[in-house]
Amino acid sequence: MNRIKELREKRSLSQRQFVTDFNKYISTNEEQYKNKRGVKEITFGTASRWENSLNKPTEYMWQALADFFNVSVAYLKGIDDKTVIKKFSSEDLLQELLDRKVLEPVKDKPINLDDVFLLHK
């Protein structure tokens, strides 16, 4: 069984929020997935069918989902039990953390890894 639901819940996302966030991700990264068969925005019904293993994403969509969740395709599909976090450059990691509001820049300074702090919830 795939780990779409598990990873969604780990991020504390409802199915609707997952669909919204994933579609935004696809839209934002349109160039990356250009000409990749089957990579497109999804509906709530599609997400539900994937989570319940009633349908499967295309191979390219598996990759887009893995990129979204920042895991390997094998882990997402439930084939591999090892969580493999993809390698990010420092700038990519910083931007991802800022986008997810895990980090916040210090006012009036250029954003770099030394000038951020974790937000506590």
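Described in the following lines is the structure provided in the data block. (Residues numbered from 1 in each chain as written. Predicted model: local features only at pLDDT ≥ 70, side-chain atom pairs only at ≥ 80, totals over all residues. Heavy atoms only, no water.)

**Details of the nonpolar core**
Nonpolar side chains tend toward joint burial in soluble globular proteins. How we decide: Note on terminology: a nonpolar core comprises buried Ala, Val, Leu, Ile, Met, Phe, Trp, Tyr and Cys residues joined through side-chain atoms within 4.5 Å. Relative accessibility thresholds used throughout: buried, under 20% of the residue-type maximum; exposed, over 50%; partly exposed, between the two (1.4 Å probe, protein chains only). In DSSP terms, a helix is any run of H or I states spanning at least four residues, a strand is any run of E spanning at least two, and both are numbered starting from the N terminus. The contact criterion used is simple: two residues touch if any of their non-hydrogen atoms lie within 4.5 Å.
One finds Ile 4, Phe 18, Phe 22, Ile 42, Leu 65, Phe 69 and Leu 76 to be the most contacted residues of the largest nonpolar core, which totals 23 residues. Elements represented by at least two residues in this core include exactly helix H1 (4–10), helix H2 (15–28), helix H4 (44–51), helix H5 (59–69) and helix H6 (73–77). With 7 residues, the single largest contributor to this core is H5. Non-local contacts of Leu 65, meaning those with residues more than four positions away in its chain, are made with Ile 4, Phe 18, Phe 22, Trp 50, Pro 57 and Leu 76.

**Notes on unusual backbone geometry**
With a phi close to 65 degrees, Asn 35 is a non-glycine residue in the positive phi region. Within the fold, Asn 35 resides in the loop between helix H3 (30–33) and H4. Residue Asn 35 is classed as exposed on the basis of its relative accessible area of 74%.

**Points about the environment of Tyr 33**
Turning to its location among the elements, Tyr 33 is positioned in helix H3. The class of Tyr 33 is buried, set by a relative accessible area of 7%. Separated by 28 residues in the primary sequence, Tyr 33 and Met 61 place their C-alpha atoms 9.0 Å from one another. Each residue touching Tyr 33, except ones within four places of it in the same chain, is listed here: Tyr 25, Ile 26, Val 39, Gln 63, Ala 64 and Asp 67.

**Regarding H5**
An α-helical segment advances 3.6 residues per turn. Residues three or four places apart therefore align on the same side. Within H5, 8 of the 11 residues are buried, which leaves the element mostly enclosed by the surrounding structure. Taken together, the buried residues of H5 touch H1, H2, H3, H4 and H6. Within two residues after H5, Asn 70 carries a phi angle of roughly 60 degrees, on the positive side.

**Observations regarding the packing of aromatic side chains**
Worth spelling out the cut-off: When the centres of two rings from Phe, Tyr and Trp lie within 6.5 Å, Trp using its six-membered ring, the rings pair. Their planes under 30 degrees apart give stacked, over 60 give edge-to-face, and anything left gives tilted. As a reminder, the over-ring test applies to NZ of lysine and CZ of arginine, requiring each to be within 6 Å of the ring centre and within 35 degrees of the ring normal.
In this structure the tally under the stated criterion is 8 aromatic pairs. With a centroid separation of 5.7 Å and an interplanar angle of 70 degrees, the aromatic rings of Tyr 25 and Phe 68 are classed as edge-to-face. Taken as a pair, Tyr 25 in helix H2 and Phe 68 in helix H5 lie far apart in primary sequence, 43 residues in all. The residues Tyr 25 and Phe 68 share a single accessibility class, namely buried. A network of ring pairs unites the aromatic residues Phe 18, Phe 22, Tyr 25, Tyr 33, Phe 68 and Phe 69 as a single cluster. Against the face of Tyr 75 rests Arg 3, its NZ or CZ located 4.1 Å from the ring centre. If you follow Arg 11 out to its NZ or CZ, it ends over the ring of Phe 68, 4.5 Å from the centre.

Shape descriptors only; they carry no functional weight alone.
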